[in-house]
Amino acid sequence: MSDYLVRAANTPALRSIIKSIGLPTPQTLARAEGGYAEKPLKGKTVLFSAAGYATAGKTVEKLLADTGAEVINGDGSALADDGRVHGLVLDVTGLSGPDDLKALYNFFHSTVRKLQTCGRIVVLTDVPESTASVAAATAARAVEGFVRSIGKEIGKKGSTANLIYVEKGAEDRIAGPLRFFLSAHSAYVDGQAARVTNAVQQSGSPALSNALKGKVALVTGGARGIGAATAGRLAAEGAHVVCLDIPADEETLNATVASIGGTALPLDITDPEAGRKIADFLKEKFGGVDVVVHNAGVTRDKTLANMKEQFWDMVLNINLASILRINEVLLGEKIVNKGGRVVCLSSIGGIAGNMGQTNYGATKAGLIGYVKAESENLADEGICINAVAPGFIETRMTAEIPFVIREAGRRLCSLSQGGQPIDVAELITFLSSPGAVGVTGQTIRVCGQNLVGA
């Protein structure tokens, strides 16, 4: 469903009128086309600075150069007065206390005006729990509040700000998150903090393009919407995608897999034997699976006092219990190959809650807890498991929301617009890639930094 205000705000004749009556003027987001590129920032300029105490600076500078960007060190004073840059990157790893936070002001105060439309800000700092003192941990956590806030200041231009927490010794795993956050693939991911750690074993160097070549991926709920968009993106990175959906949607499912050269698996995930059937199918056809995306889900909204027991049971079964049952087989029997990826679809409703969604909110919060707990069990197998929490995404479901509520959902974020299914698919694809080896047990939102939730 298209957003009339985005279209109007980007029409010169209408933009000034919209501004004059106090409505937001959301920027058309610059989204990526196609798969990952070896040099995603070729032709773009990035300003980079490392605080005097920074510990990851040399690594980050090299990684930025590898993206194809023109990297300018310092505050950009060498640029012309009207010069604009695609990215602003600041390394403040090595913070020792609150006084060191002045580096944030010193760099961004003089450079934020140089950020172009649909630009990117990325800040790197230490994982608070891995710092040497309470003061250092305090300062590191303060950076997250800064990033979320500056993201709200630049969102009106379609720009985003994100944070990378770096565990000491994990600097060689920064490349994937850094490339993703700076690229057009992250257009609707804003105000987020990804932790890069050494928790998961790895072997070899991740491919920068065609990242999933030779891999097999399973996407549940893959017939349409976010599931179909995800299947398309995984296929664009070289994966053979198995799309699973209910038999009633088999016609749509077949059309989806035909468009990407995938395989259809019509199956109801609430079948008590679903895990066994999926495992046998993947084992017999492909010898295993490398990526599992649990996208299938439903809503049955009612206030708790008015909710029928069958709607409570249905949502809990489809959105949560079935995932655990399926994973018990796929992971327990090692159908998921070493170095694999598991991504579960949570929701901003699982973070902040929503009226009339006690059942849905419980399942989506449960998945957040599940990936965190399960991540420790999978680390030795080189498997990363994470959750993606979409905010307001333009789908068939949100198109049915009453107009006023739908408008509120669209505008209550830093980017003043809803996301597209492809935006969720982009984050899922990143978390499914070898480049995300440092990211596990986490929940990352794709919501344009919605004002609801943390």
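J.: Sorry, what's going on with a nonpolar patch on the surface here?
T.: Taken together, the side chains of Y4, F403 and V404 present a nonpolar region at the surface, about 320 Å² in accessible area. Within the secondary structure, V404 sits in helix α14 (residues 403-411).

J.: Honestly, the packing of helix α3 (residues 57-66) against helix α6 (residues 175-182) in this entry has me stumped. Any pointers?
T.: Interhelical geometry of α3 versus α6 gives an angle of 55° and a closest axis separation of 10 Å. When the axes of α3 and α6 are compared, the pair comes out oblique. In the packing of α3 onto α6, the handedness of the crossing is right-handed. On α6, the residues touching V60, L63, L64 and D66 of α3 are A175, L178, R179 and L182. Classifying every residue of the contact of α3 with α6 gives six nonpolar, no polar and two charged.

J.: Explain the sheet that holds strand β3 (residues 85-91) here, please?
T.: The pairing of strands in a sheet happens through backbone hydrogen bonds and is either parallel or antiparallel. One open sheet accounts for six strands, arranged β2-β1-β3-β4-β5-β6; its pairing is parallel. Strands at the two margins of the open sheet, each flanked by one partner only, are β2 (70-73) and β6 (193-196). Looking at each pair of strands side by side, their axes are set apart by 20° on average, direction ignored. In this structure, strand β5 (residues 160-166) lies alongside β6, joined through four bridges in parallel fashion. Each bridged residue has a counterpart across the sheet, and for V166 the counterpart in β6 is V196. On top of the sheet, α3 reaches β1 (45-50), β2, β3 and β4 (115-126); it is set at about 175° to β1, its chief contact. Across the face of the sheet, helix α5 (residues 134-154) comes into contact with β4, β5 and β6 while running at roughly 165° to β5.

J.: How should the pairing of β5 be read in this particular structure?
T.: Two faces make up the sheet, and in a regular strand the side chains alternate between them. Among the seven residues of β5, seven are classified as buried, and the element is accordingly described as predominantly covered. The alternating pattern of β5 places T160, N162, I164 and V166 and A161, L163 and Y165 on opposite faces, both of which are buried. Bridge analysis of β4 against β5 gives seven bridges, and the strand direction is parallel. Among the inter-strand pairings, I121 is bridged to a residue of β5, identified as A161. Following the backbone out of β4, through α5 and into the adjacent parallel β5, one traces a crossover that is right-handed.

Rules of the game
- Residues numbered from 1 in each chain as written.
- Predicted model: local features only at pLDDT ≥ 70, side-chain atom pairs only at ≥ 80, totals over all residues.
- Heavy atoms only, no water.
- Patch = residues over 30% accessible without salt bridge, like charges linked within 9 Å, V, L, I, M, F, W, Y side chains within 5 Å.
- Areas by Shrake-Rupley, 256 points an atom, 1.4 Å probe, with all protein chains shown as cover.
- Salt bridge = Lys/Arg side-chain N within 4 Å of Asp/Glu carboxyl O.
- Helix = DSSP H or I, 4+ residues; strand = E, 2+ residues; numbered from the N terminus.
- Axes fitted to C-alpha atoms, helices over the stretch in contact; angles between N-to-C directions.
- Parallel < 35°, antiparallel > 145°, perpendicular 65-115°, else oblique.
- Left-handed = near helix turned anticlockwise from the far one by under 90°.
- Contact = heavy atoms within 4.5 Å.
- Nonpolar A, V, L, I, M, F, W, Y, C, P; charged D, E, K, R; others polar.
- Pairing = 2+ DSSP bridges.
- Buried < 20%, exposed > 50% of the residue type's maximum accessible area, 1.4 Å probe, protein only.
- Right-handed = clockwise from strand over helix to strand, strands pointing away.

Nothing here speaks to function; it is all geometry.
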